[in-house]
Amino acid sequence: MAGERRSVPHHVACVMDGNGRWAALRSQPRTSGHRAAETTVIDVIEAARTAGVRWLSLYAFSTENWRRPTDEVDFLMRLVRRVVRKHATLLHARGIRCRFLGVADPRIPAPLAQDFADLMTLTSGNRGMTLTVAFDHGGRGDIVEAARSLIRSGVRADAVDERHFAAHLPFPDTPDVDLVIRTSGEQRISNFMLWQVAYAEWIFPPVLWPDFRGPHFLECLHTYQQRNRRFGGVPPQVIGEHHP
């Protein structure tokens, strides 16, 4: 609702940025930054769940990230598989439903893709927070695939509206993002969930992702609470005001 102040954002998305710079500041290889990010991921998931966030989306690997050096990509694939297998039981015990957005590129190792599928199956009946990990994800790609799906379904051009279009996106029950947090101070969208972030509030904490913790996340929620989301309108108290 326009002008409404909300206690807790329903859907929070995080662009987990700064692993490489974290490692460089310590004269360590980039892979050490990715490894250190594991603690942050688990801490943020728990902070979000405890705060009452119902949907949490994490940008883990973009379609553009395939351009990185092969050694780094291979390390990330191994690391993500280890993290998924290590924490699957905990996520399930917390009642978290897990999803993976993307996972279409044949370069993804088959065992990792299977681990993703197994975790989704394991947690599919959970009714707590929904955790979406965007892996091999690109917002433009999702929109193109939705358009192709609409064409294949035979929908007339004049019958296409936002509701019909959104129904052809991956996981169409995903609500719009209320708050995007991008760590490290960079201020870019980076092709992340382009349809869903259309009206999101953005916060850019300067903290690098491996140093980001639950209190930082809660501080971002507090900042969000201070904002009036008008969705292109004006605050109710402004309507009908008389000016001398």
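Criteria and thresholds
Residues numbered from 1 in each chain as written. Predicted model: local features only at pLDDT ≥ 70, side-chain atom pairs only at ≥ 80, totals over all residues. Heavy atoms only, no water. Buried < 20%, exposed > 50% of the residue type's maximum accessible area, 1.4 Å probe, protein only. Helix = DSSP H or I, 4+ residues; strand = E, 2+ residues; numbered from the N terminus. Pairing = 2+ DSSP bridges. Contact = heavy atoms within 4.5 Å. Salt bridge = Lys/Arg side-chain N within 4 Å of Asp/Glu carboxyl O. Axes fitted to C-alpha atoms, helices over the stretch in contact; angles between N-to-C directions. Parallel < 35°, antiparallel > 145°, perpendicular 65-115°, else oblique. Left-handed = near helix turned anticlockwise from the far one by under 90°. Nonpolar A, V, L, I, M, F, W, Y, C, P; charged D, E, K, R; others polar.

## Examining the pairing of strand β5 (residues 179-182)
- Side chains of β5 alternate between two faces, with L179 and I181 and V180 and R182 buried alike.
- As judged from the 3 bridges shared by β5 and strand β6 (residues 201-203), these two strands associate in the parallel manner. Across the sheet, residue L179 finds its bridge partner in β6, namely E201.

## Re the pairing of strand β2 (residues 55-62)
- Among the 8 residues that make up β2, 7 are buried, leaving the element largely enclosed by the rest of the structure.
- Judged from the 7 bridges that link them, β2 and strand β4 (residues 130-137) form a sheet pairing that is parallel. Note on β4: the bridge partner recorded for L58 is V133.

## Things to note about the environment of M129
- With respect to the secondary-structure elements, M129 resides in the loop between α4 (110-123) and β4.
- For the pair M129 and L91, spaced 38 residues apart in sequence, the C-alpha to C-alpha distance is 9.9 Å.
- Once residues lying within four places of it in the same chain are set aside, the contact partners of M129 are I45, A48, R49, V53, R54, W55, L56, G95, I96 and R97.

## A short note on the pattern of salt bridges
- As enumerated under the stated definition, the model contains 19 salt bridges in all.
- The salt bridge involving R99 is made with D173; its shortest N-O contact spans 2.9 Å. Taken together, the positions of R99 in strand β3 (residues 97-102) and D173 in the loop between α6 (162-166) and β5 put the pair 74 residues apart, joining distant regions of the chain.
- Put simply, R107 and D105 hold a salt bridge, and the shortest N to O gap is 2.9 Å.
- When salt bridges with common partners are traced through the structure, they connect D17, R21, R182, E186 and R188 into a single cluster.

## Remarks on unusual backbone geometry
- In this structure, D136 is a non-glycine residue whose phi angle is positive, near 60°.
- For D136, the location among the structural elements is in strand β4.
- Phi is positive for F171, which is not a glycine, with a value near 50°.
- Tracing the backbone shows F171 in the loop between α6 and β5.

## With respect to the packing of helix α2 (residues 30-51) against helix α3 (residues 70-93)
- Closest axis-to-axis distance for the α2/α3 pair is 11 Å, and the angle between their directions is 25°. As judged from the angle between their axes, α2 and α3 are roughly parallel. Pair α2 / α3 crosses with right-handed handedness. Contacts between α2 and α3 pair R30, T31, H34, R35, E38, I42 and I45 from the former with E72, F75, L76, L79, R82, V83, K86, H87 and L91 from the latter.
- Each residue belonging to the contact of α2 with α3 can be placed in one class, and the counts come to 7 nonpolar, 3 polar and 6 charged.

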